[in-house]
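Structural description and commentary
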Amino acid sequence: MKTYMCIICGFIYSEKEGIPGEGIEPGTSWQEIPESWTCPDCGMGKSDFILTEI
């Protein structure tokens, strides 16, 4: 499982954890998230996230 970080605000998306409050179930890969999805903290687009290691 991978993690991605918003380069604007630092929000972390973890494939392992998902975002259940937004309907993204744990185990959802980054590729499965629609391109129209935006960061829940700052509203930036999926293209503003980078793969990161924690």
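Residues numbered from 1 in each chain as written. Predicted model: local features only at pLDDT ≥ 70, side-chain atom pairs only at ≥ 80, totals over all residues. Heavy atoms only, no water.

Quick reminder of the rule: UniProt positions are given in the numbering used here, feature names are shortened, and annotations may be inferred rather than shown by experiment.
As recorded by an unreviewed UniProt entry, the protein chain carries the name Rubredoxin and is attributed to Iodobacter violaceini. According to the UniProt record, the Sequence similarities (unreviewed entry) comment for the protein chain reads "Belongs to the rubredoxin family."

**So, the overall build of the protein chain**
For clarity, the cut-off: We count a stretch as a helix when DSSP gives it H or I for four or more residues in a row; a strand needs E for two or more, and each element gets its number in order from the N terminus. Our radius of gyration is a C-alpha quantity, and the globule rule it is checked against amounts to 2.2 Å times the number of residues to the power 0.38. The rule is simple: take the accessible area with a 1.4 Å probe, protein chains only, and divide by the maximum for that residue type; under 20% is buried, over 50% is exposed, in between is partly exposed. To be clear on the numbers: accessible area is Shrake-Rupley with a 1.4 Å probe, and residue cover counts the displayed protein chains and nothing else.
From N to C terminus, the protein chain includes zero helices and three strands. In sequence order, the secondary structure elements of the protein chain are arranged as β-β-β. A compact globule built from 54 residues should have a C-alpha radius of gyration of about 10 Å, and the protein chain, at 10 Å, falls within 12% of that. Dimensions of the protein chain, computed from the C-alpha atoms along their principal axes, are close to 25 × 25 × 15 Å. Burial analysis of the protein chain (54 residues in total) assigns 35% to the buried set. Total accessible area computed for the protein chain in this model is approximately 3,500 Å², and 52% of it derives from carbon and sulfur atoms.

**Digging into the sheet that holds strand β1 (residues 3-6)**
Within a beta sheet, neighbouring strands are joined by backbone hydrogen bonds and run either parallel or antiparallel to one another. Stated formally: A pair of strands is considered paired only if DSSP assigns at least 2 bridges between the two. Interaxial angles span 0 to 180 degrees and are taken between N-to-C directions of axes, which are lines fitted to C-alpha atoms, for helices over the stretch in contact.
Pairing is antiparallel in the open sheet, where three strands are placed in the order β2-β1-β3. Lying at the two open borders of the sheet, with one neighbouring strand each, are β2 (12-14) and β3 (49-52). Sheet twist, expressed as the mean angle between neighbouring strand axes with direction ignored, is 30°. One ladder, built from three bridges, connects β1 with β2; its direction is antiparallel. Bridge pairing in β2 links Thr-3 to Ser-14.

**Remarks on the pattern of salt bridges**
Just so we agree on the cut-off: Any carboxyl oxygen of Asp or Glu within 4 Å of a side-chain nitrogen of Lys or Arg constitutes a salt bridge here.
For the structure on display, the rule yields one salt bridge. The shortest N-O distance in the salt bridge between Lys-46 and Glu-35 comes to 3.5 Å. Of this pair, Lys-46 sits in the loop between β2 and β3 while Glu-35 sits in the loop between β2 and β3; the two residues are eleven residues apart in sequence, bridging distant segments of the chain. Assessed through its relative accessible area of 62%, Glu-35 is described here as exposed.

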